Amino acid sequence: MKSLPADSKSICTSRRSGMLERALRFAPLAALTGFIETLQGPARDDPAARERFLGIMRDQAWRMARLIDDLLSLSRIELRAHQRPDKPVDLVPIVRQIADGLQTLARDRGVTVDVDAPPEPLMVLGDRDELIRLFENLIENGLKYGASGKRVEIKFARTTAPDGKAEARVAVRDFGPGIAAEHLPRLTERFYRVDVGESRAQGGTGLGLALVKHILNRHHGRLTIDSKIGEGATFTVRIPLS
């Protein structure tokens, strides 16, 4: 593996620190501080305003908790980046469990989730908790950002990798607005958002696809993203079969 020069490592660290600083500076914590000051001042004797602000503060606190959780998860995955999982895991029940668990969100968004799973298992060497996190991120993204398409499809397949080895393929497709081509190469960067306002409205932290990328790296897997404006997006995971 090629090592980065010292100055390149410094630049990478600096960029990460800058992104983290911006994320925290404009994170829910700043909004919470502002609302607390308002409640202590102008809205002190306004019950309607107080209830509205408390509801917003609850949502912002939830977003802050999720941001911290994602940062901690990313840190843990990076610490184990070179320790490939060695326990056999079946991808089919994991994806079915997640799809079932997200049915409430799907109903709220008016989206149907179709899981086209094979009758036989798709066994990989994996970390079950990390794989749950991976597919949870992808399916939840499809429900939130592709909701206008009213449908999310999940398909499984056995395929052959470029090196000739067998691999499991899981594709999560939504039929929403799609993503412009210039954004696709950067989607797995930390805190990168196609639409900052939309991401915040959906409760996004900007770390979901970064987590997906790092989990797949640890599993010696790959992620491909295909999308065209107006035609939705397909996120395809490939992991070597055990």
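Scope of this entry: the structure provided in the associated data block. As the structure is a computational prediction, the values presented were derived from the model and not from experiment.

Digging into the overall build of the protein chain
No. 1: Along the backbone of the protein chain there are eight helices and seven strands.
No. 2: Evaluated residue by residue, the protein chain yields a buried proportion of 46% over its 242 residues.
No. 3: Partitioning the intrachain contacts of the protein chain with sequence separation of at least 6 by distance along the chain shows that 72% fall at a separation of at least 24.
No. 4: As displayed, the protein chain has an accessible area near 13,600 Å², and 53% of this comes from carbon and sulfur atoms.

Topic: the nonpolar core
No. 1: Core analysis: the largest hydrophobic core is formed by 49 residues, its most contacted members being Phe135, Leu143 and Ile154.
No. 2: Breaking this core down by element, the ones donating at least two residues are α3 (47–79), α4 (91–101), α5 (103–109), α6 (128–145), β4 (151–160), β5 (166–174), α8 (208–218) and β7 (233–240).
No. 3: Looking at this core, the element that brings in the most residues is α6, giving seven residues.
No. 4: With residues up to four places along the chain from it excluded, the contact list for Phe135 reads Leu91, Ile94, Val95, Ile98, Val170 and Val237.
No. 5: Leu32, Ala49, Phe53 and Met57 belong to the second-largest nonpolar core, a separate cluster that totals seven residues.

Describing the packing of α6 against α8
What describes two packed helices is the angle between their axes and the distance between those same axes.
No. 1: The contact between α6 and α8 brings their axes to 9 Å, and the two run at 140°. Crossing of α6 over α8 shows left-handed handedness. Mapping the contact onto sequence places Glu130, Arg133, Leu134, Asn137, Leu138 and Asn141 in α6 and Gly208, Leu209, Leu211, Val212, Ile215, Leu216 and Arg218 in α8.
No. 2: Considering only residue class, the contact of α6 with α8 consists of seven nonpolar, three polar and three charged.

Focus: the sheet that holds β4
No. 1: Spatially, five strands are ordered β2-β4-β5-β7-β6 in an open sheet, and the strand pairing comes out mixed. Strand pairing shows two members of the sheet lacking a second neighbour, β2 (112–116) and β6 (222–227), which therefore form its edges. For this sheet the average axis-to-axis angle between neighbouring strands, irrespective of direction, equals 15°.
No. 2: Pairing of β6 with β7 involves six bridges; the strand directions are antiparallel.

Let's talk about the packing of aromatic side chains
The relative placement of two aromatic rings is captured by the distance of their centres and the angle of their planes.
No. 1: Tallied over the entire structure, the rule returns zero aromatic pairs.
No. 2: Between the NZ or CZ atom of Arg151 and the centre of the ring of Phe175, over which it lies, the distance is 3.7 Å.

Brief notes about the environment of Ala180
No. 1: Structurally, Ala180 can be placed in the loop between β5 and α7 (196–201).
No. 2: Sequence separation between Ala180 and Gly230 is 50 residues; the distance between their C-alpha atoms is 9.5 Å.

Points about unusual backbone geometry
No. 1: Even without glycine at this site, Lys150 takes up a positive phi of about 65°.
No. 2: For Lys150, the position within the fold is in the loop between α6 and β4.
No. 3: Within the chain, Phe191 stands out as a residue other than glycine whose phi angle is a positive 65°.
No. 4: Considering the arrangement of structural elements, one finds Phe191 in the loop between β5 and α7.
No. 5: Given a relative accessible area of 14%, Phe191 falls into the buried group.

Points about the pattern of salt bridges
No. 1: Counting across every chain of the model gives 13 salt bridges.
No. 2: With its nearest N and O atoms 2.4 Å apart, the salt bridge here joins Asp70 to Arg133. Of the two residues, Asp70 is situated in helix α3 and Arg133 in helix α6; the sequence distance between them amounts to 63 residues. For the pair Asp70 and Arg133, a shared accessibility class is recorded, and that class is buried.
No. 3: In the salt-bridge network here, residues are joined through shared partners; they are Arg80, Asp127, Glu130 and Arg218.

Side note on α4
No. 1: Turning to α4, its buried residues number three or more, namely Leu91, Val92, Ile94, Val95, Ile98 and Ala99. All buried residues of α4 lie within an arc of 165° about the axis, which places them on one face of the element. Turned more than 90 degrees away from the buried face of α4 sit Asp100 and Gly101, all of them exposed.
No. 2: Looking at where α4 begins, the residue whose side-chain oxygen comes 3.1 Å from the main-chain nitrogen of Val92 is Asp90.

Thresholds applied
Residues numbered from 1 in each chain as written. Predicted model: local features only at pLDDT ≥ 70, side-chain atom pairs only at ≥ 80, totals over all residues. Heavy atoms only, no water. Helix = DSSP H or I, 4+ residues; strand = E, 2+ residues; numbered from the N terminus. Buried < 20%, exposed > 50% of the residue type's maximum accessible area, 1.4 Å probe, protein only. Contact = heavy atoms within 4.5 Å. Areas by Shrake-Rupley, 256 points an atom, 1.4 Å probe, with all protein chains shown as cover. Core = buried A, V, L, I, M, F, W, Y, C linked by side-chain atoms within 4.5 Å. Axes fitted to C-alpha atoms, helices over the stretch in contact; angles between N-to-C directions. Left-handed = near helix turned anticlockwise from the far one by under 90°. Nonpolar A, V, L, I, M, F, W, Y, C, P; charged D, E, K, R; others polar. Pairing = 2+ DSSP bridges. Phe/Tyr/Trp six-rings, centres within 6.5 Å; stacked < 30°, edge-to-face > 60°. Lys NZ or Arg CZ within 6 Å of the ring centre and 35° of its normal. Salt bridge = Lys/Arg side-chain N within 4 Å of Asp/Glu carboxyl O. Arc of directions from axis to C-beta. Polar contact = N/O pair within 3.5 Å; in protein donor to acceptor, adjacent residues only side chain to side chain.

Read these as spatial facts, not as claims about activity.
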